[in-house]
Amino acid sequence: MISEKAIVSPKAQIGNNVTIYPFVYIEDDVVIGDNCIIYPFVSLMNGTRLGKGNKIHQNTVLGAIPQDFSYRGEATVMVIGDNNIIRENVVINRATFPDGETRIGNNNFIMEGVHLSHDVKIGDGCVFGYGTKIAGDCVFNNGVILSSNVIVNPRVRIGTAAMISSGCRISYDVPPFIVANDNPVRYGGLNSTVLTNYGVDEKIQKHIANAYRLIFHGHTSVFDAVNQVEEQVPDSEEIQDIVRFIRDTELGIIGRE
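Anyway, here's the lowdown on the structure attached to this text. (Residues numbered from 1 in each chain as written. Predicted model: local features only at pLDDT ≥ 70, side-chain atom pairs only at ≥ 80, totals over all residues. Heavy atoms only, no water.)

1. Concerning the nonpolar core
In terms of nonpolar packing, the biggest core is built from 71 residues, with Ile92, Phe128, Phe140 and Ile170 touching the most fellow members. Per-element tally for this core: the top contributor is helix α2 (residues 202-217), with 7 residues. Dropping the residues within four chain positions of it, isoleucine 92 is found in contact with Val61, Leu62, Gly63, Ala64, Met78, Ile80, Ile86, Thr102, Ile104, Ile110 and Leu116. (Core = buried A, V, L, I, M, F, W, Y, C linked by side-chain atoms within 4.5 Å. Buried < 20%, exposed > 50% of the residue type's maximum accessible area, 1.4 Å probe, protein only. Helix = DSSP H or I, 4+ residues; strand = E, 2+ residues; numbered from the N terminus. Contact = heavy atoms within 4.5 Å.)

This is the structure in structure tokens:
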């Protein structure tokens, strides 16, 4: 169902069983997958690519021109996967350069007033709380939870199943499976509820906690602490994820800048 009161370019590619409410605006270079619902006053700008089953709520702007002084007006894209819920007044910018992309995976919940800047990469099953603002080139792994009014600065990475408490301002990488809180941001323990929901058994959770004691409470460099984790903590997929994430950091990690 496409309302007669919507402005939809005839060049836009629209899948099957898509509902487009009145006063929606859709530009030429837009692709909408099957079973999407586009609520009133949504704007889908050039470069927007939507997968299947997405629900886009009122006053949201997808594929907005990047707020980046490096942008030169070239055709760029913003790609969203399947079954995402994007609530009211969200703005998501497309990429700055043609060889980049803003990408959002599947089954994410993006709450009211969130802004996702150019070239952000988001995995699956993430939650972005009310009023959260994400700068360009940030990376979020699967299962990340951001509470309300979080600010994430450019090029930050957030590890799998990490949780950021309300009002935090993040300038450094947040390792997997932890809770980050306060300002300045610090390690606040394991995100045990999500780990349990992920099926990570209690023994491995204790191993993860031991790894983070070495990393955050030890009296060595981060590099040496990671070596200690590999030497002293029983191996698992989760421990490998922690080691890999920290070794790949360019900005440093919270609490150990």
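2. A few points about the pairing of strand β27 (residues 186-190)
Taken together, the 3 bridges between strand β26 (residues 178-181) and β27 define a ladder with antiparallel strand orientation. Each residue of the ladder has a partner; that of asparagine 181, found in β27, is arginine 186. Counted along the chain from β26 to the antiparallel partner β27, the turn is 4 residues long, and its residue aspartate 182 has a positive phi close to 70°. (Pairing = 2+ DSSP bridges.)

3. Overview of the sheet that holds strand β9 (residues 55-56)
If you walk across this open sheet you meet the 10 strands as β3-β6-β9-β12-β15-β18-β21-β24-β26-β27, and the pairing is mixed. A strand with exactly one partner marks an edge of an open sheet, and here the two such strands are β3 (19-20) and β27. Direction of pairing for strand β24 (residues 163-164) relative to β26: parallel, over a ladder of 2 bridges. Within β26, the position partnered with isoleucine 164 by the bridge is alanine 180.

4. Comments concerning the packing of aromatic side chains
Considering all chains together, one arrives at 6 aromatic pairs under this definition. Seen in terms of ring centroids, tyrosine 187 and tyrosine 212 are 5.6 Å apart; in terms of plane orientation they differ by 40°. Their pairing is tilted. Taken as a pair, tyrosine 187 in strand β27 and tyrosine 212 in helix α2 lie far apart in primary sequence, 25 residues in all. Judged on exposure class, the residue tyrosine 187 and its partner tyrosine 212 are both buried. Between tyrosine 212 and phenylalanine 216, the aromatic rings sit 5.6 Å apart at their centres with planes inclined by 35°, giving tilted as the arrangement. (Phe/Tyr/Trp six-rings, centres within 6.5 Å; stacked < 30°, edge-to-face > 60°.)

Any link to function would need more than the numbers given here.
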